[in-house]
Amino acid sequence: MKDVSVTYPDGNRAVNGVSLALGNGERKALVGANGAGKSTLLRAIVGLLSISGGEARVDGIALSARTAPDVRARVGMVFQNPDDQLFMAKVADDVAFGPRNMGLSEDEVNRRVGSALDRLGAAHLKDRVSDRLSGGEKRLVGLASVLSMEPCILLMDEPSSFLDPRSRRNLIKVLSSLPQAILLATHDLDMARRLCSRAVVLRDGRVCAEGSADELLSDKQMLEAHGL
Ligand SMILES: Nc1ncnc2c1ncn2[C@@H]1O[C@H](COP(=O)(O)OP(=O)(O)OP(=O)(O)O)[C@@H](O)[C@H]1O
Ligand SMILES: [Mg+2]
């Protein structure tokens, strides 16, 4: 992203001149206080909001309304609110939705559904009604519905929220084992340090610090100064 701005219809410029890069297989944390612009930035990358200034490229493709479907084929997004992730009646269909849409064979779809739920320790939820899951169960199924598409880039908005300690630890382990590039928006600074090599601090829609996750996320003074 080069100098990217995102303005909401009411004129609020929630992202203001952000430049950042995510390399192949790189895992980068995006941290910042409430309202800093993290979710806005992630939504703009998948084309749910349009960019009002600057330019962004995903895998060489310039982001625009026209290219949004191509970008979405490469980028998987875990939404901050797990309710936004699930829309089918049954868990298995939610997790199968992406792979089915990609035109994969039903055998391959089933393999991916099983493997994604398994990895997250959520195989027992397969036949449940999505709408009747607990917050943490919805989170796991939402994560599985993204992993089942095997996208080359993962955008994750607070993926550890709603999870109990064991599921959270397992999630960190699973994400660490993936080859994908990950942009992780989170307030879970411990997870950010465990998972990411680099970190970016956002404040009022601007990048105010960037560097090694270990160094940046242990800089108490800087974090406190930016409301973290
Ligand atoms: N639909 C909207 N219209 C106008 N302003 C909005 C809209 N959605 C969010 N905002 C504003 O944009 C700014 C950035 O919001 P955003 O949700 O990106 O923050 P965030 O960093 O994800 O915060 P959090 O940590 O609370 O999730 C905030 O000031 C927010 O009030
Ligand atoms: Mg957010």
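It should be emphasised that the depicted structure is a prediction, and the values quoted were computed from it without experimental measurement.

I'd like to hear about the overall build of the chain, residue by residue, with values.
When its secondary structure is counted, the chain shows nine helices and eleven strands. Relative to its length of 228 residues, the chain is compact, with a C-alpha radius of gyration of 17 Å against a globular reference of 17 Å. Overall, the C-alpha framework of the chain stretches about 45 × 40 × 35 Å when taken along its three principal axes. Here the chain, with 228 residues, has 41% of them falling under the buried criterion. Taking as baseline every contact in the chain between residues at least 6 positions apart, the subset at least 24 positions apart corresponds to 66%.

So what's going on with the site of ligand 1? Residues and values would help.
Taken together, 13 residues form the shell around ligand 1, and within it Tyr8, Ala14, Lys38, Ser39 and Thr40 come nearest. Examining the composition of the shell around ligand 1, we find that three residues originate from one element, helix H1 (residues 38–45), more than from any other.

So, the environment of Cys152: which residues are in play, and what are the values?
The topology assignment puts Cys152 in the loop between helix H5 (135–147) and strand E8 (153–157). Counting along the chain gives 127 residues from Cys152 to Gly25, while the straight-line C-alpha distance between them is 8.3 Å. When residues no more than four places from it in sequence are discounted, the contact partners of Cys152 are Asp59, Arg74, Gln180 and Ala181.

Explain the sheet that holds strand E7 (residues 75–78) to me, using residue names and the numbers behind them.
Consider a sheet: its strands pair through backbone hydrogen bonds, and that pairing is either parallel or antiparallel. The mixed open sheet is built from six strands, whose spatial order is E7-E8-E9-E3-E10-E11. Because the sheet does not close on itself, it has two edges, and the strands there are E7 and strand E11 (206–212). Each adjacent strand pair in this sheet contributes to an overall mean axis angle of 15°, direction not counted. Where strand E3 (residues 27–31) lies against strand E10 (residues 198–203), four bridges are found, and the strand directions are parallel. Counterpart to Ala29 in the pairing with E10 is Ala199. Across the sheet, H5 is in contact with E7 and E8; its angle to E7 comes to roughly 175°.

Cut-offs applied
- Residues numbered from 1 in each chain as written.
- Chains lettered and ligands numbered in written order.
- Predicted model: local features only at pLDDT ≥ 70, side-chain atom pairs only at ≥ 80, totals over all residues.
- Helix = DSSP H or I, 4+ residues; strand = E, 2+ residues; numbered from the N terminus.
- Rg over C-alpha atoms; globule rule 2.2 N^0.38 Å.
- Buried ≥ 20, exposed ≤ 12 C-beta atoms within 10 Å, placed from the backbone.
- Contact = placed C-beta atoms within 7 Å.
- Near = placed C-beta within 6 Å.
- Pairing = 2+ DSSP bridges.
- Axes fitted to C-alpha atoms, helices over the stretch in contact; angles between N-to-C directions.

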